Amino acid sequence: QVQLVESGGGLVQAGGSLRLSCAASGRRFSRYGMGWFRQAPGKEREFVAAINWSGGRTYYADSVKGRFTISRDNAKNTVNLQMNSLKPEDTAVYYCAAETRVPYAVVVTHTVAEYDYWGQGTQVTVSS
């Protein structure tokens, strides 16, 4: 069992920055790939970024590449998403997720359905 709690969302002007954090429970956190997803009103949940168990591999959606950075601290059971140069189209509820079916996987999936634990989400609103 893994419980995930996101924090750090809020309202920011275009061009600004936010840092999202996800706190995970469970001793096995360091074994799992982690991802950030987002869902805007009326749209499907979409992949934003992912990181493998060691932090040695990271993946980004094209829409956020070069602006967002995912990182993790296995000693603190946290995964973070640093978001810079925010745009109004980044407005969404952001979710942290864990993929626990394949411990120590080198490659992390981008697919929503393959993540089996989810946080409750945190709202990010970017004003123009």
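Cut-off values and rules
Residues numbered from 1 in each chain as written. Predicted model: local features only at pLDDT ≥ 70, side-chain atom pairs only at ≥ 80, totals over all residues. Heavy atoms only, no water. Salt bridge = Lys/Arg side-chain N within 4 Å of Asp/Glu carboxyl O. Buried < 20%, exposed > 50% of the residue type's maximum accessible area, 1.4 Å probe, protein only. Helix = DSSP H or I, 4+ residues; strand = E, 2+ residues; numbered from the N terminus. Pairing = 2+ DSSP bridges.

*Asks:* What is the right way to look at the pattern of salt bridges in this model?
*Replies:* Working definition: two side chains of opposite charge can pair if their charged atoms are close together. What the rule picks out here adds up to six salt bridges. Residue Glu 46 is joined to Arg 38 by a salt bridge in which the shortest nitrogen-to-oxygen separation is 2.6 Å. For Arg 38, a relative accessible area of 5% corresponds to the buried category. Through salt bridges with shared partners, a single network forms among Arg 38, Glu 46, Arg 67 and Asp 90.

*Asks:* What is the right way to read the pairing of strand S4 (residues 33–39) from this model?
*Replies:* Two faces, one strand: in a regular strand the side chains alternate between the faces of the sheet. The buried fraction of S4 is high, at six of seven residues. Pairing geometry for S4 and strand S9 (residues 92–99), over seven bridges, is antiparallel. From the neighbouring strand, Met 34 faces S9, where its bridge partner is Ala 98. Where S4 and strand S5 (residues 46–51) come together, five bridges link them in antiparallel fashion.

This is a description of form; function is not addressed.
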